[in-house]
Protein chains: 2
Amino acid sequence: MNFQHRKRLIVQTVDERGSIEVSELAALLQTSEMTVRRDLVQLAASGLLYRTRGGAMKVSLATDTHRFANKIAVNPERKDYICQLAANEIQEGDVIFMDCGSTVFRLCQFIRNKRITVVTNSLPIVAELMSSEVTINLVGGEVDKERQAVHGLIAEEHMARYRANRAFVGIDGISLQHGLSANSEKEASTTLAIARQSDKVYLLCDSSKLETNKYLYFAPLSLFNVLITDNEAPSEVVAAYRDAGVTLIN
Amino acid sequence: MNFQHRKRLIVQTVDERGSIEVSELAALLQTSEMTVRRDLVQLAASGLLYRTRGGAMKVSLATDTHRFANKIAVNPERKDYICQLAANEIQEGDVIFMDCGSTVFRLCQFIRNKRITVVTNSLPIVAELMSSEVTINLVGGEVDKERQAVHGLIAEEHMARYRANRAFVGIDGISLQHGLSANSEKEASTTLAIARQSDKVYLLCDSSKLETNKYLYFAPLSLFNVLITDNEAPSEVVAAYRDAGVTLIN
DNA sequence: TTTGTTTTGTTCAAAAATAAACAAACTCAA
DNA sequence: TTGAGTTTGTTTATTTTTGAACAAAACAAA
């Protein structure tokens, strides 16, 4: 029973069962738990399974990337700080795009009394701005109930009909090395569609997301014009972004 | 049972049930309440659920403080009667248009569990069907805040892209002499656009509106195929409509 | 307000899992 | 066969996770 043989069996078993414990694998492979752990470290490093304490799991079960939708509750004070900066950029008469990110949602409170037009695919944003001075243009198409937003082909065609001064979009991950990344194709696609139709794209991104990567890389840093983040961003990271030519406000 | 397992089960259970208590989760996961609390802290931090005192709830439920509310209906029991009749006409797999009338809104409760597609310009209907089996297609365009609906040129273009089996539309006034009438051009125009794209048009109209006229006449009786009204309609009026060739259900 | 109940966070000790260190066994050429 | 290099198993130390106990905080009812 060599490593190759064990490796095959481990991956196969994990795929079949979804998850398994180190002790079970040791019994199954007639080997010690230490050896199993060493194998698991290698397999996890090459991405064939997800290492958990006490065992391993199928990657697909552990990551559930599609779920990270409504992050309203996370880091609200940072997000409000960012949105205040973003609101300062907006002028009367502007036509702006707002996407369905949780950070972007919090921009609503700062623009309630501005005479501007907002084009958005986010239903919470529409609800929030319903009693405001803002003229709302809602993107049509099939409703994604999980994200409470409209995505897809028809939505993108709809957006293609409008031209905006500015766009405010959220992002799941951003890194100097790989650019922008997202947890879902839908959101990535919508972000691209919005960027195409806007003169100036502002990326709203709280500092916890700087230098993180999500599963789908979808655009280089050049997609946006201005990165707005909070004042808790590490100064060396901020400096690195500025050195890379990014216009960063914080 | 490690953290990854518990996490999956907790998120799944919360999503299914809407909310749950710490003690229930402890029993379900065969672990202590302390552990459940620690798990909930982590899950709430990553935005997968909303922490409440004594348990947790779905994020979307917690953030839906801003709901679209339909005006309190007049004659609710008549309208529900009509909608029950209307719902009987709908079959699995149908694609249906629903407009933004208050009568049509009450149809939602009867179609929650049907596997159909609803195309609508009404925001209260979208909100109501958000947690249902129904696939929703939202009509895009400029939002009419007063009516909580989308009207106008872009909206009509959007609707022109879809073809539906059935359409359920409300009406402000109807008379044998003058046909259909409305209180606003916007709604009249939308009704016409919907009728163009539908195989069969059902007019939902409580009996208090029969033989009334509003300021804008916009279509003859031939616009619709079936008139659904309630059982309080005077029998001579019903007879007159049937004599005039109208298919009437009540 | 005060009182009593429930829920929560913190601290601590026990248990489990892991990593590190080292010895034994095995591989494979020369 | 020898011996360098690798893999494996065992022991030990370290880290992580867990549950219990208890104090603090939040809530509800007088």
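Above this text is the structure in question.
Attention here is on the structure that accompanies the text. (Residues numbered from 1 in each chain as written. Chains lettered and ligands numbered in written order. Predicted model: local features only at pLDDT ≥ 70, side-chain atom pairs only at ≥ 80, totals over all residues. Heavy atoms only, no water.)

Quick look at the overall build of chain A
The condition that has to hold: Put simply, DSSP marks the helices as runs of H or I at least four residues long and the strands as runs of E at least two long, and each gets a number from the N terminus on. Each residue gets one of three labels from its accessible area relative to the maximum for its type: buried under 20%, exposed over 50%, partly exposed in between, using a 1.4 Å probe on protein chains only. The contact criterion used throughout is that any non-hydrogen atoms of two residues lie within 4.5 Å. Only four residue types enter the tally: Lys and Arg on the positive side, Asp and Glu on the negative side, with His and both chain ends excluded. Charge positions come from single atoms, namely NZ of Lys, CZ of Arg, CG of Asp or CD of Glu.
Across its full length, chain A carries 11 helices and 15 strands. For chain A, the C-alpha atoms occupy an extent of roughly 70 × 40 × 30 Å along the three principal directions. By residue count, 53% of the 250 residues in chain A fall in the buried class. Residue pairs at least 24 apart in sequence account for 61% of intrachain contacts in chain A once pairs closer than 6 positions are excluded. Of the side-chain charges in chain A, 28 are positive and 30 negative, and the distance between the mean point of each set is 3 Å.

With respect to the sheet that holds strand β13 (residues 216–219) of chain B
Residue and element names in this part refer to chain B. Note the cut-off: At least two DSSP bridges between two strands are needed for those strands to be called paired. Axis lines are fitted through C-alpha atoms, for helices just across the contact stretch, and the angle between N-to-C directions can take any value from 0 to 180 degrees.
Pairing in this open sheet of 3 strands is antiparallel, and the strands run β10-β11-β13 from one edge to the other. Since the sheet does not close on itself, it has two edges, and those belong to β10 (173–175) and β13, each with one partner. Adjacent strand axes in the sheet meet at a mean angle of 35° when their direction is disregarded. Of the strand pairs in this sheet, β10 and strand β11 (residues 179–182) are connected by 3 bridges, and their pairing is antiparallel. Directly across from I174, in β11, lies its bridge partner L180. Contacts between helix α10 (residues 185–196) and the sheet are confined to β11 and β13, with β13 contributing the most and set at about 10° to the helix.

Looking at helix α3 (residues 33–45) of chain A
Here is the rule we go by: Expected span, for any helix, means 1.5 Å times one less than how many residues it has.
With 13 residues, α3 of chain A should reach 18 Å at 1.5 Å per residue; the first-to-last C-alpha distance of 18 Å fits that figure. Close packing links the buried residues of α3 of chain A with α1 (3–17), α2 (22–29), β2 (50–52) and β3 (55–57) of chain A.

Concerning the pattern of salt bridges
Where we set the bar: Any carboxyl oxygen of Asp or Glu that lies within 4 Å of a side-chain nitrogen of Lys or Arg is treated as forming a salt bridge with it.
Under the criterion given, the structure shown has 25 salt bridges over all chains. With a closest N to O distance of 3.5 Å, K186 of chain A and D144 of chain A form a salt bridge. Remark: D144 of chain A occurs in strand β7 (residues 141–144) and K186 of chain A occurs in helix α10 (residues 185–196); sequence separation between them is 42 residues. Residue class for D144 of chain A comes out buried when judged on its relative accessible area of 9%. When the shortest N-O distance is used, the salt bridge between D94 of chain B and R166 of chain B registers 2.5 Å. With D94 of chain B in the loop between α5 (76–89) and β4 (95–98) and R166 of chain B in strand β9 (residues 164–170), this pair connects stretches of sequence that are 72 residues apart.

Quick look at the protein's contact with DNA strand D
Filter applied, for reference: Nearness is defined per residue: one heavy atom within 4 Å of the molecule or strand is enough. Any pair of N or O atoms that falls within 3.5 Å is considered a polar contact. Within protein, one atom must be able to donate a hydrogen and the other to accept it, and sequence-neighbouring residues count only if both atoms are side-chain atoms. Three classes are used, and their members are as follows: Ala, Val, Leu, Ile, Met, Phe, Trp, Tyr, Cys and Pro are nonpolar, Asp, Glu, Lys and Arg are charged, and the others, Gly among them, are polar.
In the vicinity of DNA strand D there are 14 residues, among which R6, T31 and T35 of chain A together with T35 and R38 of chain B approach most closely. Within 4 Å of the protein, the contacting atoms of DNA strand D are drawn from sugar and phosphate to the extent of 58%. Take R6 of chain A: an N or O atom from its side chain is 2.6 Å from a phosphate oxygen of DNA strand D. For the surface near DNA strand D, the elements supplying multiple residues, two or more each, are α3 of chain A together with α3 (33–45) of chain B. By residue class, the composition of the surface near DNA strand D is 2 nonpolar, 6 polar and 6 charged.

Some remarks on the protein's contact with DNA strand C
Around DNA strand C there are 14 residues in total, and R37, R51 and G54 of chain A together with R37 and G54 of chain B lie nearest to it. The sugar and phosphate moieties of DNA strand C supply 70% of its atoms located within 4 Å of the protein. R37 of chain B places a side-chain nitrogen or oxygen 3.0 Å from a phosphate oxygen of DNA strand C. Here a phosphate oxygen of DNA strand C sits 2.5 Å away from a polar atom, N or O, in the main chain of G54 of chain B. Those elements that provide at least two residues to the surface near DNA strand C are α3 and β2 of chain A together with α3 and β2 (50–52) of chain B. Its residues placed into classes, the surface near DNA strand C shows 4 nonpolar, 4 polar and 6 charged.

Focus: the sheet that holds strand β13 (residues 216–219) of chain A
All names here are of chain A. Ordered by their spatial adjacency, 3 strands build an open sheet running β10-β11-β13, and the pairing between neighbours is antiparallel. Each edge of the open sheet is held by one strand with a lone partner, namely β10 (173–175) and β13. Pairs of neighbouring strands in the sheet enclose a mean axial angle of 35°, with direction left out of account. Sheet contacts for α10: β11 (179–182) and β13; angle to β13, the most-contacted strand, approximately 5°.

Regarding the pairing of strand β7 (residues 141–144) of chain B
As judged from the 2 bridges shared by strand β6 (residues 135–138) of chain A and β7 of chain B, these two strands associate in the antiparallel manner. For N137 of chain A, the partnering residue across the bridge sits in β7 of chain B and is E142 of chain B. Where β7 of chain B lies against strand β8 (residues 149–150) of chain B, 2 bridges are found, and the strand directions are antiparallel. Bridge pairing in β8 of chain B links D144 of chain B to A149 of chain B. Hairpin connection, β7 of chain B to β8 of chain B: the antiparallel pair is bridged by 4 residues, and Q148 of chain B has positive phi, about 50°.

A few points about the interface of chain B and chain A
Where interface size is given, it is often the accessible area lost as the parts come together that is meant. We apply this condition: Here the buried area means the combined drop in accessible surface, using a 1.4 Å probe, for two parts upon being joined, counting both sides.
In this assembly, 42 residues from chain B lie in contact with 42 residues from chain A. Of the roughly 3,400 Å² buried between chain B and chain A on both sides combined, carbon and sulfur atoms contribute 60%. The interface formed by chain B and chain A includes 2 salt bridges. We note a salt bridge from E157 of chain B to R161 of chain A, for which the minimum N-O separation is 2.1 Å. Tallying contributions element by element places helix α1 (residues 3–17) of chain B first for the side of chain B that touches chain A, with 5 residues. Considered class by class, the residues forming the side of chain B that touches chain A number 19 nonpolar, 15 polar and 8 charged.

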